[in-house]
Amino acid sequence: MRPRPLNTAIALVTAVTAGGLLTACGSASPAGSASPAPVASGSHAGASPSGSASAGPSTAPSGAPSTAPTGGNGGVSAAPVSLNGTAGTMLTVSNGTSRVVMNGTTVDFGVVVRDLTWSPDGTRAAFVDGDGNLDTANPDGSDRVVVARNPGNVTWSHPAWQVIKAGNPDRVPACDNLFFVAGSGSATRLMEVPATGGTPAPLGLNGQQGSNVFPPVTGNTWVNGGGFFGEVVYANSGNGEVYLRDDYLRQQGSSLTSGSEPALVPGQDMEGSVVFVRSVGGHDHVFLEQFTRSGPTAKDLTPNATTDYTEPAVSPDGRTVAVRTPAGIAVLPIDGSAAPRLVSTVQGLPAYR
């Protein structure tokens, strides 16, 4: 079995939950229930744009006929911003309109795109559409599929991919799931659904072996996935803590750190490291927490912040962090060796493809 820096380090501070591996890599639909087939349409392109990173369904009833195309037109246009340094990078920005900033241009998905995230191989985007449904699409907006229809009267936000390849050395079951947040305020909870479509179900959160300490079921938000073994991190708005859920070790039932808006750092060398937001001196700072054999260490990547840095995303090579600022999107090295540098005046949610 190959070395596993994340789980080796975490195992020093928490025990593996009894009962073996999680079985969440199967269908998220309850046994015996019918899973609706994916639908290749379903959102209204005319929904009101929003700069918010999340929003609920529109006033259109769930399941209403769609007037939107089944996918974007694949066209690109010059980004309508005075400063756009996303060209030649894997950085994308979604802002609640149909246009996603990508590679120095904007790509029209033909439907409202909120909280866009990318599959690990970059071939599919997942997002919440204008009706509040969970969709996937190709990078040009084509081949859009409604993975799950919002039942109405609930907000869905911030999807994250969980992909585990078959035949991995630790024999973790293969997975292709989407996790997301349902609800608002203290009532939010994490959900899961197969990425190919199905019925969403609550995401299982397990406690620490030999302990009565369990992570909160409600108030969980801002889920972010990555890693080779189904790791995800999320924040709890009730207690201000960041948690890890791992299909290899299972959720350990205790928080990683105090903070919000966490994102996993990809790459085996940094596996298990997390960037997150924490308020310092009246501004939101971005921190990096790494797990070592001597315990977790946290570093402020923006110690001289004179503005707010929020909603961090980490590049696929694990070297760069993109953050949202009041002026737009900025990037900085993950070791904090340089100050954030503004690369786009677009206001929205950064993500790396």
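In the block above lies the structure referred to throughout.
First, a word on what this report is: a plain description of the structure on this page. Given the structure is predicted, the values throughout are model-derived calculations rather than measurements. (Residues numbered from 1 in each chain as written. Predicted model: local features only at pLDDT ≥ 70, side-chain atom pairs only at ≥ 80, totals over all residues. Heavy atoms only, no water.)

**Examining the pattern of salt bridges**
The criterion, for reference: We count a salt bridge whenever a side-chain nitrogen from Lys or Arg sits within 4 Å of a carboxyl oxygen from Asp or Glu. Think of it this way: any DSSP run of H or I at least four residues long counts as a helix, any run of E at least two long counts as a strand, and we number them from the N terminus. Remark: exposure states derive from per-residue accessible area (1.4 Å probe, protein chains only) relative to the maximum for the residue type, with buried under 20%, exposed over 50%, and partly exposed in between.
Scanning all chains against the criterion turns up 4 salt bridges. Taking the shortest distance from any N to any O, the salt bridge between R99 and D108 comes out at 3.8 Å. The shortest N-O distance in the salt bridge between R324 and E311 comes to 3.4 Å. Here the residue R324 occupies a position in strand 22 (residues 320-325), and E311 occupies one in strand 21 (residues 310-314), the gap between them amounting to 13 residues. Residue classification places R324 among the buried residues on the basis of a relative accessible area of 14%.

**Side note on the sheet that holds strand 6 (residues 125-128)**
Formally: Only strands joined by at least two bridges in the DSSP assignment are considered to pair. To get an axis, fit a line to the C-alpha atoms, keeping to the stretch in contact for a helix; angles then go from 0 to 180 degrees between the N-to-C directions.
As summarised here, the arrangement of the 4 strands in space is 5-6-7-8, forming an open sheet in which the pairing is antiparallel. Of all the strands in the sheet, the pair left with one neighbour each is strand 5 (114-118) and strand 8 (145-148). Across the sheet, the axes of successive neighbouring strands diverge by a mean angle of 30°, strand direction being ignored. Note that strand 5 and strand 6 share 3 bridges and pair antiparallel. Bridging from a neighbouring strand, W118 pairs with A125 of strand 6.

**A look at the packing of aromatic side chains**
So the rule is basically this: Two rings from Phe, Tyr or Trp (for Trp, the six-membered ring) form a pair when their centres sit within 6.5 Å of each other. Planes less than 30 degrees apart are called stacked, planes more than 60 degrees apart edge-to-face, and all others tilted. Charge over a ring is defined by NZ of Lys or CZ of Arg lying within 6 Å of the ring centre and within 35 degrees of the ring normal.
The final tally for this structure, using the stated rule, is 4 aromatic pairs. A centroid spacing of 4.7 Å and a plane angle of 50° characterise the contact between W156 and F180, whose relative ring orientation is tilted. On the criterion of sequence distance, the pair formed by W156 in strand 9 (residues 156-164) and F180 in strand 10 (residues 175-182) is long-range, its members being 24 residues apart. An identical accessibility class is assigned to W156 and F180; each is buried. Ring centres of Y234 and Y243 lie 5.5 Å apart, and the angle between their planes is 10°; this geometry places the pair in the stacked category. Of the two residues, Y234 and Y243, neither departs from the other in class, the shared state being buried. Note that R353 overlies the ring of W118, its terminal NZ or CZ placed 5.4 Å from the centroid.

**Some points on the pairing of strand 17 (residues 260-264)**
With 4 of its 5 residues buried, strand 17 lies for the most part within the structure. Here strand 17 pairs with strand 18 (residues 274-280) via 3 bridges, running antiparallel. By the bridge assignment for strand 18, L264 is matched with V274.

**Thoughts on the sheet that holds strand 20 (residues 295-300)**
Judged by pairing direction, the sheet is antiparallel, and its 4 strands sit side by side in the order 17-18-19-20 without closing on themselves. What marks the edges here is a single partner per strand, and that holds for strand 17 and strand 20. Taking each pair of neighbouring strands and ignoring which way they run, the sheet shows an average axis angle of 30°. The sheet contact formed by strand 18 and strand 19 (residues 283-292) spans 7 bridges and is antiparallel. The partner of V280 across the bridge, within strand 19, is H283.

Function cannot be read off these values alone, since they describe shape.
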